[in-house]
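# Chain and residue survey
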Amino acid sequence: MKRMQRLLGILFGFICAVQLGVIGWSIWSYERILQKGEVYFFNVLPLDPYDAFRGRYVTLRFANANKAPAGDTTLQEHLSKAYAMLEHTQEGDRIKEVRFSRPVSGNFLEVNVNSTMATQKADTANTVYFSLPFDRFYLREDRAPKAERILRMRDVNVNVKASLRVLNGKAVIENLWIEGEPLVEWMRRHEEARSR
Amino acid sequence: MSKETYRWLERELPSWVKEGLVSEGSAQALLQRYAGEKASSSSGTAVSLLGFVFVGLGIISILAYNWDELGHLERTLLAVLLLAGAQVLAFWVKRYRASDAALREGSGVFWFLMTGASLAIIGQTYHLGGSMLDFLSVWLVLSLGIAWVLPSSGAAFFQIILWTFVWLGSRDEMRGVFSSEHSFLSPWMLALLALSWLGFYALRYRKERNAHATLLLGWALAVCVLAVGAVEILMATYPEQNVRMLSILFALFFAIYYLTGKMYFFWGEKSWQRPFERLGKLGALVLVLAHVSFNAGTWLLRFDLEPTRYNSFVGLSLMLLFGVLLILFIRKEQKLPSEMLVCAAPIIVLGYNLLHTMPYSAMLFVNASVILGAGWMIYCGIKEATLGLVNQGMIVIALVIWIHFFNANFDLVAKGMAFIVTGILFLSLNAFLKRRFRGVA
C-alpha cells in the first residue's frame, strides 16, 4: 500500500513536470522565434471564425503561399512535410522554392505538402502545392468580427499583410498590418474617424 | 447498497437481534459486509464537481475573450500560474484532504480544465495554427494521468468525453464535421489512451461499484461507446448509402447494448442507475417504431440491401455477439423476458428486410410484432404487478396507432380527438390498475 502511494506520488510529480515542461518549452521556443527570427511580410485575406476555447480569431489566407517550384529534381510524393525557402525581393517577400530535404542554410519554413505536380518540360521545375502551418490571428472577442467587416468593405481598398518571424524552420505570426500600421491601431483610428 | 438502504439496515438490525431473527455476531457481520459497498454522499460530491466545473469553464471563457491589454509576459505568466495553481491545489487535497471525496473530485476536474486553459492561452498568445482537433489531442495527452493520481472520477469523466471527441473527429468521414485535418494521434495511439480510462473505470468498478462517481463514469462510458458505435455503423454503410443495412446493424447494436446493460453494466435497480439498458431500450424501440409506418416502408424498401465485405463483417460480428448474449440472458432469466420486444428488435428488423419483395407483408409483419411485443409487456406487467411495464407497453401501442393516424390524411379535429381519447384511456387504465395492484399487495 505504501509502495503504491509512493508510486502515485512519483507519477503525480511526473505529470506536473511534464505539463509545466510542455507549457514552458512552448513559451520559450515561441519567444525565441519572436526575438531572433527574421521578419517576412505576406499578403493575406482575413476571415472571422470562432474557437470555443481560444476565442475569436481571423483566419488568414496567405496570398501566393500555396504553391511554389520544387527545389529538388525528384518529387518525394510520399512526404507530407517540406521546407519552403523564403526570400526578400524588390516586389516583396515570397517563397522561392520548396525542398523536401531540410536546408542547411538560409531562412526556411516547414510546410504541409498537399500535392505535387510533375512538369512535362525539361526546363521547368516541378510544382509543390502546400499549406502554411499557421492560419490564425487571435483578436479580442469584439474586435475580430469588426476587423473582418472593415476589411471586407468594398470602399476600403487596403492591403493587409501578416508579419512572420521565422527561425530554423519554425515561424510565429507577429502581427497583422494595414498600410504599415498594426491592425488594432488601424481599427481604432478607422472607428474614430467613422464616429466623427 | 445505497447510503439510505445501509442506514435502514443499521436501524433495523437491533430489533432483528432482539426478536432473535439474527444473532449479534451475524448483525455485525452483515453491517461489515455492506459497509464497503455503501455509496458516498452524492450531494456533496455533485455540488463540489459542479462548482469546480463552473469556475474552470468560467476561467476558460474569460480567457477566450482574448484581452489585448495583456502583453506576452502577462499572458504566459497567467498560463503557467493557472496550471501550477491547479497542480498545487490537487497536491494539497491529495496530501491533507485525501479522504474528502468531494474536494478530491473537484480538484481533479479543475486541474483537467486548467490544463486546457493553459494550452488555450499559449495558442492565442502565439497565434498558433492547427485545428481544434490538434488542440483537444494535446489536452488529452497532457491530462492523461490526472484521474489516476488523485484519484478523480470527475477528471476521468471529462477524459472519456474528450477522448470520444478526438476519436470521432479523427475518423476520415467525420473530418467535415469536426475539422478539416487529422489529429496527430493515430487510431492505435488513441486506442492505447483509451486503455488508461478504461483501466481507471475497471478499478473504480471493482472498488466502489455503487459509488455515485462510478455511476457517473458509467454514464460517460455508455454515451461514448454509443457515439463511437453509432459512428462506426454509419461509416460501414455510408459509402453505399445502404439504409436498410444501417437499420439492421443499429437494431443489433441497440439490442446488444440492452442485453449487456441488463446483465453486466448496471449500478442499481433504478432507471438512472442502468445507462446501458436504458439507452439500448430507447434506441431499439425508436428504431422498431420507425419501421411501422407505411410511408417509411415505401421509402426504406426502395433501397437495395447490398452487403459489402466490410458491413457484412460488422453485421456478422454483431449478430454473433447478439446471439451469445441472448442465450445467456434467457438462461439467466429462465423465462421469456418481459421486454421481449427490445430483445427481438434485430429479428423484427431483419424479418422486415427479408420480406422486402412483399412490402405489405413486411409492414404487416413489423406492425404485428410490435403490437405482440407491447401486448406481452402489458401482460407481464399485470402479472408482476408492475405499473411501469404496463405503461411502457401502452405507450408503444399508442405510438403505433398515432403513427398510422398521422400517416392517414385526417384533419386536425380528428387528430385532436385521437389524442384526447388516448389520454383518457391511459388515465382510466392507470387508475384501474393502481387500485387493482394495491388490492393484490
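Model, not experiment: these values are computed from the prediction. (Residues numbered from 1 in each chain as written. Chains lettered and ligands numbered in written order. Predicted model: local features only at pLDDT ≥ 70, side-chain atom pairs only at ≥ 80, totals over all residues. Heavy atoms only, no water.)

### Details of the layout of surface pockets
A volume near 700 Å³ is recorded for the second largest pocket. Lining the second largest pocket are 21 residues; nearest its centre among them are Gln-5 and Leu-8 of chain A together with Lys-94, Leu-150 and Pro-151 of chain B. Among the secondary structure elements, those contributing two or more residues to the lining of the second largest pocket are helix 1 (2–36) of chain A together with helix 4 (72–96) and helix 10 (187–207) of chain B. Among the elements that make up the lining of the second largest pocket, the one with the highest residue count is helix 1 of chain A (7 residues). Its residues assigned to classes, the lining of the second largest pocket comprises 13 nonpolar, 2 polar and 6 charged. (1 Å grid on protein atoms, 1.4 Å probe; cavity = no way out; pocket = protein on both sides within 12 Å on 5 of 7 lines; lining within 4 Å. Points joined across faces, edges and corners; volume = space filled by probe spheres on them. Helix = DSSP H or I, 4+ residues; strand = E, 2+ residues; numbered from the N terminus. Nonpolar A, V, L, I, M, F, W, Y, C, P; charged D, E, K, R; others polar.)

### Here's the deal with the packing of aromatic side chains
Summed over all chains, the structure comprises 25 aromatic pairs over all chains. With centroids separated by 6.2 Å and ring planes inclined at 70°, the aromatic side chains of Phe-41 of chain A and Trp-177 of chain A adopt a geometry described as edge-to-face. Of this pair, Phe-41 of chain A sits in strand 1 (residues 38–47) while Trp-177 of chain A sits in strand 11 (residues 170–178), placing them 136 residues apart in sequence. Accessibility expressed as a relative area gives 31% for Phe-41 of chain A, which makes it partly exposed. Considering the side-chain rings of Phe-294 of chain B and Tyr-360 of chain B, the 6.4 Å spacing of their centres and the 45° angle between planes classify their relative orientation as tilted. One end of the pair, Phe-294 of chain B, is in helix 14 (residues 294–300); the other, Tyr-360 of chain B, is in helix 18 (residues 359–383), and 66 residues separate them in sequence. Here the aromatic cluster, defined as three or more aromatic residues joined through ring pairs, consists of Phe-250, Phe-253, Phe-254, Tyr-257, Phe-265 and Phe-276 of chain B. Its end group placed over the ring of Tyr-57 of chain A, Arg-136 of chain A keeps NZ or CZ at 4.2 Å from the ring centre. Cation over ring: Arg-95 of chain B sits above Tyr-96 of chain B, and NZ or CZ is 5.7 Å from the ring centre. (Phe/Tyr/Trp six-rings, centres within 6.5 Å; stacked < 30°, edge-to-face > 60°. Buried < 20%, exposed > 50% of the residue type's maximum accessible area, 1.4 Å probe, protein only. Lys NZ or Arg CZ within 6 Å of the ring centre and 35° of its normal.)

### Observations regarding helix 5 (residues 101–125) of chain B
Residues and elements named next belong to chain B. The terminal C-alpha atoms of helix 5, which comprises 25 residues, lie 36 Å apart, in line with the 36 Å expected from a rise of 1.5 Å per residue. Burial analysis of helix 5 places 24 of its 25 residues in the buried class, which makes it a mostly covered element. Where helix 5 begins, the side chain of Asp-100 points an oxygen toward the backbone nitrogen of Ala-102, at a separation of 3.3 Å. At the exit of helix 5 stands His-127, carrying a positive phi of roughly 50°. (Expected span 1.5 Å × (residues − 1). Polar contact = N/O pair within 3.5 Å; in protein donor to acceptor, adjacent residues only side chain to side chain.)

### Quick notes on a nonpolar patch on the surface
A cluster of nonpolar side chains, contributed by Phe-406, Val-413, Met-417, Phe-419, Ile-420 and Ile-424 of chain B, occupies part of the molecular surface with about 610 Å² of accessible area. Ranked by residues supplied to the nonpolar patch, first place goes to helix 20 (residues 412–440) of chain B with 5 residues. (Patch = residues over 30% accessible without salt bridge, like charges linked within 9 Å, V, L, I, M, F, W, Y side chains within 5 Å. Areas by Shrake-Rupley, 256 points an atom, 1.4 Å probe, with all protein chains shown as cover. Salt bridge = Lys/Arg side-chain N within 4 Å of Asp/Glu carboxyl O.)

### Here we look at the pattern of salt bridges
Residue and element names in this part refer to chain A. Applying the stated criterion to the full structure yields 12 salt bridges over all chains. The partner of Glu-185 in a salt bridge is Arg-188, with the nearest N and O atoms 3.8 Å apart. Of the two residues, Glu-185 and Arg-188 both sit in helix 3 (residues 183–195), 3 residues apart, roughly one turn of that helix. Arg-188 sits in the partly exposed class, given a relative accessible area of 38%.

### Topic: the interface of chain B and chain A
Interfaces are often sized by the accessible area lost when the parts come together. Each side of the interface is counted separately: chain B has 42 residues, and chain A has 36 residues. Both faces considered, chain B and chain A share a buried interface measuring about 3400 Å² in area, 67% of it formed by carbon and sulfur atoms. Of all residues in chain B, Tyr-65, Tyr-126 and His-127 of chain B bury the most surface against chain A, accounting for 20% of the area lost on that side. On inspection of chain B and its partner chain A, the count reaches 0 salt bridges. At the junction of chain B and chain A, the tally comes to 8 residue pairs in polar contact (both at pLDDT 80 or more). Elements supplying a minimum of two residues to the side of chain B that touches chain A: helix 3 (42–64), helix 4, helix 5, helix 6 (132–142) and helix 7 (146–149) of chain B. Considering each element in turn, the side of chain B that touches chain A owes the most residues, 10 residues, to helix 4 of chain B. When its residues are assigned to classes, the side of chain B that touches chain A shows 25 nonpolar, 14 polar and 3 charged. (Contact = heavy atoms within 4.5 Å. Buried area = accessible area lost by both parts, 1.4 Å probe.)

### Let's talk about unusual backbone geometry
Residues Leu-150 of chain B and Pro-151 of chain B are joined by a peptide bond in cis, for which omega reads -10°. Take Pro-151 of chain B: it is sitting in the loop between helix 7 and helix 8 (153–170). Phi angles above zero are rare outside glycine, and Asn-168 of chain A is one such case at about 50°. Relative to the elements of secondary structure, Asn-168 of chain A occurs in the loop between strand 10 (160–167) and strand 11. Residue His-127 of chain B is not a glycine yet carries a positive backbone phi of 50°. Tracing the sequence through the fold places His-127 of chain B in the loop between helix 5 and helix 6.

### Some thoughts on empty space enclosed by the protein
Residues and elements named next belong to chain B. The full count for this structure, using the stated rule, is 2 cavities of 30 Å³ or more. In this structure, the largest cavity encloses a volume near 50 Å³. Along its surface, the largest cavity is lined by Leu-63, Asn-66, Trp-67, Leu-70, Arg-75, Leu-78, Ile-121 and Gln-124. When contributions to the lining of the largest cavity are tallied by element, the ones reaching two or more residues are helix 4 and helix 5. Grouping the amino acids of the lining of the largest cavity by side-chain chemistry returns 5 nonpolar, 2 polar and 1 charged.

### Quick look at the nonpolar core
Nonpolar side chains tend toward joint burial in soluble globular proteins. Judged by nonpolar contacts, the single largest core of 123 residues is most densely connected at Trp-111, Trp-139, Leu-140, Trp-163, Leu-190, Leu-259 and Val-370 of chain B. The element that contributes the greatest number of residues to this core is helix 12 (residues 243–263) of chain B, accounting for 16 residues. In this view, Val-370 of chain B contacts Val-288, Leu-289, Val-292, Leu-341, Val-396 and Val-400 of chain B; residues no more than four positions away in its chain are not counted. Core analysis: the next-biggest nonpolar cluster, separate from the first, contains 39 residues, Tyr-40, Ile-95, Trp-186 and Met-187 of chain A among them. (Core = buried A, V, L, I, M, F, W, Y, C linked by side-chain atoms within 4.5 Å.)

### Regarding the sheet that holds strand 7 (residues 108–117) of chain A
Residue and element names in this part refer to chain A. With antiparallel pairing, the 5 strands of this open sheet are ordered in space as 4-8-7-5-6. Only two strands of the sheet have a single partner each, and these edge strands are strand 4 (67–69) and strand 6 (92–99). On average, each strand axis in the sheet is inclined to that of its neighbour by 50°, with strand direction left out of account. Relative to strand 8 (residues 127–131), strand 7 is paired through 5 bridges, and the arrangement is antiparallel. Bridging from a neighbouring strand, Ser-115 pairs with Tyr-129 of strand 8. (Pairing = 2+ DSSP bridges. Axes fitted to C-alpha atoms, helices over the stretch in contact; angles between N-to-C directions.)

### Thoughts on the pairing of strand 10 of chain A
Residue and element names in this part refer to chain A. Of all 8 residues that make up strand 10, 7 are buried, and the element is covered over most of its length. Alignment of strand 10 against strand 11, held across 8 bridges, turns out to be antiparallel. If you follow Leu-164 over to strand 11, its bridge partner there is Ile-173. With antiparallel pairing between neighbouring strands as the criterion, strand 10 and strand 11 make up a hairpin whose turn holds 2 residues, including Asn-168 at a positive phi of roughly 50°.

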